[in-house]
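# Commentary on secondary and tertiary structure
The lines below spell out each chain.
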Amino acid sequence: MVEGKINEIHGWAAMKPGITVEPWSYKPRPLGEHDVEIKIEYSGICGSDLHTIKEEWSGTSYPAIVGHEIVGKVITKGEKVTHLEEGDVVGVGAQVYGCLQKDCGPCSRDLDPHCPNGVFTYNAKYADGEQAHGGYAEAVRVDANYAIKLPAGLDPVYAPPLMCAGATVFAPMLRKGVKKGDRVGVIGIGGLGHLAIQYASALGAEVVAFSHSPNKREQCLELGASKFVDTSNKEEVDAVRRSLNYLFVASNSTSNQYNEFISWMDYEGQIVLLALPKGNMSFSPNEFVHTEVAITGSLIGGVNVLKKTLEFSAKHNVLPIIERFPMEKVNDALVRVDTGKARYRVVLETAKDSNL
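A brief report on the enclosed structure follows.

How each quantity is defined
- Residues numbered from 1 in each chain as written.
- Predicted model: local features only at pLDDT ≥ 70, side-chain atom pairs only at ≥ 80, totals over all residues.
- Heavy atoms only, no water.
- Helix = DSSP H or I, 4+ residues; strand = E, 2+ residues; numbered from the N terminus.
- Rg over C-alpha atoms; globule rule 2.2 N^0.38 Å.
- Buried < 20%, exposed > 50% of the residue type's maximum accessible area, 1.4 Å probe, protein only.
- Contact = heavy atoms within 4.5 Å.
- Phe/Tyr/Trp six-rings, centres within 6.5 Å; stacked < 30°, edge-to-face > 60°.
- 1 Å grid on protein atoms, 1.4 Å probe; cavity = no way out; pocket = protein on both sides within 12 Å on 5 of 7 lines; lining within 4 Å.
- Points joined across faces, edges and corners; volume = space filled by probe spheres on them.
- Nonpolar A, V, L, I, M, F, W, Y, C, P; charged D, E, K, R; others polar.
- Pairing = 2+ DSSP bridges.
- Axes fitted to C-alpha atoms, helices over the stretch in contact; angles between N-to-C directions.
- Parallel < 35°, antiparallel > 145°, perpendicular 65-115°, else oblique.
- Left-handed = near helix turned anticlockwise from the far one by under 90°.
- Expected span 1.5 Å × (residues − 1).

### Considering the overall build of the protein chain
- A count of helices and strands for the protein chain gives nine helices and 19 strands.
- For the protein chain, whose C-alpha radius of gyration is 20 Å, the value lies close to the compact-globule estimate of 21 Å for 356 residues.
- Overall size of the protein chain, expressed as C-alpha extent along the three principal axes, is 65 × 45 × 40 Å.
- Burial analysis of the protein chain (356 residues in total) assigns 52% to the buried set.
- When contacts within the protein chain are restricted to residue pairs at least 6 apart in sequence, those whose partners lie at least 24 apart make up 68%.

See below:
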């Protein structure tokens, strides 16, 4: 059995509900024969990290090291890992294990995030009862299938947000077959939305960006939007009614706003939820019958979607707009994200010559 090189992993953990993390270390699970050990170089901050450490989603197990946008180098590999070598630069997203068996319903359809035996990157339990910890740390051990080798030409510092935010928005575009000539709307021009504009544009779609912040107009057009709609401007909104084939919702829109969104859709259009707004949604059946509009959602990207996301991003130069913080300033970075000041994703950098 291959032994790992880092047998006490130092990181930054939430010890109780809030947005503060503090130095903490843990003994990792033994390196399995299908696992890799990764020395972390970059770790992105995702909104899910904040929801988890603040316990806005019930069930946080403290201490919790979050972070599921991880990039680093393989430093040890299990004896049955053949597709990766020590020194490879890899990315890890929001999942660290799935069975990937052909007789598994979700895994056989590239829906491994829904695998009944799947393990998310943090605040989740392995089959042996050990807790998974994430990327606000010096290292991590994961199933090698979920360590995706970065394609040549993709700068590693920009890769972390692609592992979650990028795959989250690109996955439903792949599944639904967004193509040249489709009219695609994106609402919520932030960490998810600014990437959704780029992916849809690179797929050849005519992209309409929706925001209540008119100061984002020029940036949206630069990112690839064909049109910008100020949602507080009735004339601009009226001009796009019944025009969209797809609408990707990357904002925490309130439930009553979806009635308005339906009016933007062409017949048989699809509204795709990428964020999780609070509360329930309420609709009249007439709205669906008379428009034939569908509302659906999308979780994260599985192994094959992650590979396609990275390859497509490298080929088409789809990159996140990031702010960089040293890992020791993680609490400052969390506040910046929590207050909505980050533009648009934050990447934490681990010093190459230190254990945090």
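There is more to say, and it comes next.
### With respect to the packing of aromatic side chains
- In total, this model carries nine aromatic pairs according to the counting rule given.
- Judged by centre distance (5.0 Å) and plane angle (70°), the rings of Tyr258 and Phe261 are edge-to-face. Here Tyr258 pairs with Phe261, and both are found in helix α6 (residues 257-264), just three residues apart, close to one helical turn. Each member of the pair, Tyr258 as well as Phe261, is classed as buried.
- Here the aromatic rings of Phe283 and Phe288 are separated by 5.4 Å at their centres, their planes lie at 70°, and the arrangement is edge-to-face.
- Exposure remark for Phe283: the relative accessible area of 25% places this residue in the partly exposed category.
- Among the aromatic residues, ring-to-ring pairing joins Phe210, Tyr258, Phe261 and Trp264 into one connected group.

### What to know about the layout of surface pockets
- Empty space within the second largest pocket amounts to approximately 470 Å³.
- Residue lining of the second largest pocket: 27 residues in total, with Arg29, Asp35, Tyr126, Asp128 and Arg141 positioned closest to the centre.
- Going through the elements one at a time, β6 (95-97), β9 (131-132) and β10 (139-143) are the ones with two or more residues in the lining of the second largest pocket.
- At four residues, the largest contribution of residues to the lining of the second largest pocket is made by β10.
- Partitioning the lining of the second largest pocket into residue classes produces eleven nonpolar, seven polar and nine charged.

### A few points about the sheet that holds strand β12 (residues 183-187)
- The sheet built from six strands is open, its strands ordered β14-β13-β12-β15-β16-β17 with parallel pairing. Each edge of the open sheet is held by one strand with a lone partner, namely β14 (227-230) and β17 (294-297). Averaged over neighbouring strand pairs, the angle between their axes works out to 20° when direction is ignored.
- Pairing of strand β15 (residues 244-249) with strand β16 (residues 265-273) involves five bridges; the strand directions are parallel. The residue bridging Leu247 from the neighbouring strand is Ile271, located in β16.

### Thoughts on the side chain of Asp182
- The topology assignment puts Asp182 in the loop between α2 (160-176) and β12.
- Here Asp182 is in contact with Gly177, Ala205, Glu206, Asn245 and Tyr246, once residues within four sequence places are set aside.

### Considering the pairing of strand β3 (residues 35-45)
- Counting buried positions along β3 gives ten out of eleven residues, so the element sits mostly inside the fold.
- In this sheet, β10 lies alongside β3 in antiparallel orientation, the contact comprising five bridges. Each residue of the ladder has a partner; that of Lys39, found in β10, is Ala139.
- Direction of pairing for β3 relative to strand β4 (residues 70-77): antiparallel, over a ladder of seven bridges. In the sheet register, Ile40 faces β4, and the bridge partner there is Gly72.
- Across four bridges, β3 lies against strand β19 (residues 345-349) in antiparallel orientation.

### So, the packing of α2 against helix α3 (residues 193-202)
- It is at 9 Å that the axes of α2 and α3 come closest, and there the two elements cross at 50°. On the basis of the axis angle, α2 is oblique to α3. As for how α2 packs across α3, the hand of that crossing is right-handed. The segment α2 lies against α3, with Pro161, Leu162, Ala165, Gly166, Val169, Phe170 and Met173 engaging Leu195, Ala196, Tyr199 and Ala200.
- For the contact of α2 with α3, a count of residues per class yields ten nonpolar, one polar and no charged.

### Re helix α8 (residues 303-316)
- For α8, built from 14 residues, the straight-helix expectation of 20 Å at 1.5 Å per residue is met to within 8% by its first-to-last C-alpha distance of 20 Å.
- Within α8 the residues assigned to the buried category are Val303, Val305, Leu306, Thr309, Leu310, Phe312 and Ser313.
- Tucked inside the fold, the buried residues of α8 contact β11 (148-149), α2 and α3.
- Of the residues flanking the end of α8, it is Asn317, one or two places downstream, whose phi is positive at about 55°.

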